[in-house]
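The residues making up each chain are set out below.
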Amino acid sequence: MMRLLIPVTLAALAPALCMAQENLVANGGFEAGLEGWITDVIVGPVEFVKSTDTTHSGSASLQMNMTKDGRGIARSAGFAVEPGKTYRISVWASAEGAPENMVYARVHWWKTEPGVASAELVCSDTNHAGGTFGWQELAGTVTAPSDATKATVRVETGGDTGVLSTETAGPFWVRFDDLVVTAVE
Ligand SMILES: [Ca+2]
């Protein structure tokens, strides 16, 4: 009986294993709070909170509380990438009173370690959202440049200097959850 059972079990597992896509981002679902993430206040104050009130999945999400015209980012831990390879980025977000088009995720490609000043940044975004909305997926497909070795993903409420003059109606908040980066076969 055992000889029969083992091949059957392996055959049943094989399709599931082939379909499984590894999430390259550690703690992308914020179940461990902000472990592995670096936060930065572009225009403050901004409060970064491990929210357990509302999540897209699991028991925690990241909530960023902005004052009027506030801007903040949270950057993931770095992960290895292969030059020329295509990756899909997906993150779920919800918001109240966010400025138009200012909620998104952005990948940065690095030649060396993330945070090294000599690294060349090449940015690619997911689609953007704004206003007041329930959980929605922001996704994008990006291709690693020929000299990239690592990448990080920032979830943002508009972290670029070019948009800092955009006024918001008042304080606003954005939640992020389930950041997943997978290599596209
Ligand atoms: Ca979560």
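Scroll up to find the structure.
The rules behind the values
Within every chain, residues take consecutive numbers counted from 1 along the sequence as written. Thresholds applied to this predicted model are a pLDDT of at least 70 for local features of residues and 80 or more for the giving and counting of side-chain atom pairs; totals over whole chains, interfaces and linings are not thresholded and use all residues. To qualify as a helix, a DSSP run of H or I must reach at least 4 residues; to qualify as a strand, a run of E must reach at least 2; elements of each kind are numbered from the N terminus. A pair of residues counts as a contact when their C-beta atoms, built from backbone coordinates, are within 7 Å of each other. Whether a residue is buried, exposed or partly exposed is read from the other C-beta atoms within 10 Å of its own C-beta, which are placed from the backbone; 20 or more gives buried, 12 or fewer gives exposed, and intermediate counts give partly exposed. Only strands joined by at least two bridges in the DSSP assignment are considered to pair. Each nonpolar core reported here comprises buried Ala, Val, Leu, Ile, Met, Phe, Trp, Tyr and Cys residues connected via C-beta atoms within 7 Å.

Caption draft 1: Structural detail: the overall build of the chain. Per the secondary structure count, the chain includes 1 helix and 10 strands. Helices and strands appear in the chain in the N-to-C order α-β-β-β-β-β-β-β-β-β-β. Once local pairs closer than 6 in sequence are excluded, the contacts in the chain between residues at least 24 apart make up 78%.

Caption draft 2: Geometry of the pairing of strand β4 (residues 71-75). Taken across its 5 residues, β4 has 5 buried, putting it largely inside the fold. The two faces of β4 match: Arg 71, Ile 73 and Arg 75 on one face and Gly 72 and Ala 74 on the other face are all buried. The pairing of β4 with strand β9 (residues 150-156) spans 3 bridges and is antiparallel. Its bridge partner lying in β9, Arg 75 is registered against Arg 154.

Caption draft 3: Geometry of the environment of Gly 78. Following the sequence through the fold, Gly 78 ends up in the loop between β4 and β5 (79-80). For Gly 78, a count of 21 C-beta atoms within 10 Å gives the class buried. Separated by 75 residues in sequence, Gly 78 and Val 153 have C-alpha atoms that sit 7.9 Å apart. When neighbours within four sequence positions are excluded, Gly 78 is seen to be in contact with Trp 110, Glu 113, Pro 114, Lys 150, Ala 151 and Thr 152.

Caption draft 4: Seen up close, the nonpolar core. One finds Ile 89, Val 91, Ala 93, Ala 105, Ala 151, Val 153 and Val 174 to be the most contacted residues of the largest nonpolar core, which totals 39 residues. The element that contributes the greatest number of residues to this core is strand β6 (residues 86-110), accounting for 14 residues. Not counting residues within four places of it along the chain, the set of residues in contact with Ala 105 comprises Ile 89, Val 91, Thr 126, Leu 138, Val 153, Arg 154, Val 155 and Leu 179.

Caption draft 5: Summary view of unusual backbone geometry. Omega for the bond connecting Gly 44 with Pro 45 falls within 30 degrees of zero, at 0°, which places this linkage in the cis form. Note that Pro 45 resides in the loop between β1 (38-43) and β2 (46-51). Residue Asn 101 is not a glycine yet carries a positive backbone phi of 65°. As for its placement among the helices and strands, Asn 101 is situated in strand β6. If you check the backbone angles, Asp 178 has positive phi at about 55° while not being a glycine.

Caption draft 6: Quick peek at the pairing of strand β3 (residues 61-66). Here β3 lies mainly inside the structure; 5 of its 6 residues are buried. Note that β2 and β3 share 6 bridges and pair antiparallel. Bridge assignment links Val 49 to a residue of β3, and that residue is Gln 63. Across 5 bridges, β3 lies against strand β10 (residues 172-183) in antiparallel orientation. Looking across to β10, one finds that Leu 62 is bridged to Phe 176.

Caption draft 7: Representation of the environment of Pro 171 in the model. Mapped onto the elements of the fold, Pro 171 is located in the loop between β9 and β10. In sequence terms Pro 171 and Gly 70 are 101 residues apart; their C-alpha atoms lie 7.6 Å from each other. Beyond its immediate sequence surroundings of up to four residues, Pro 171 is in contact with Met 66, Thr 67 and Lys 68.

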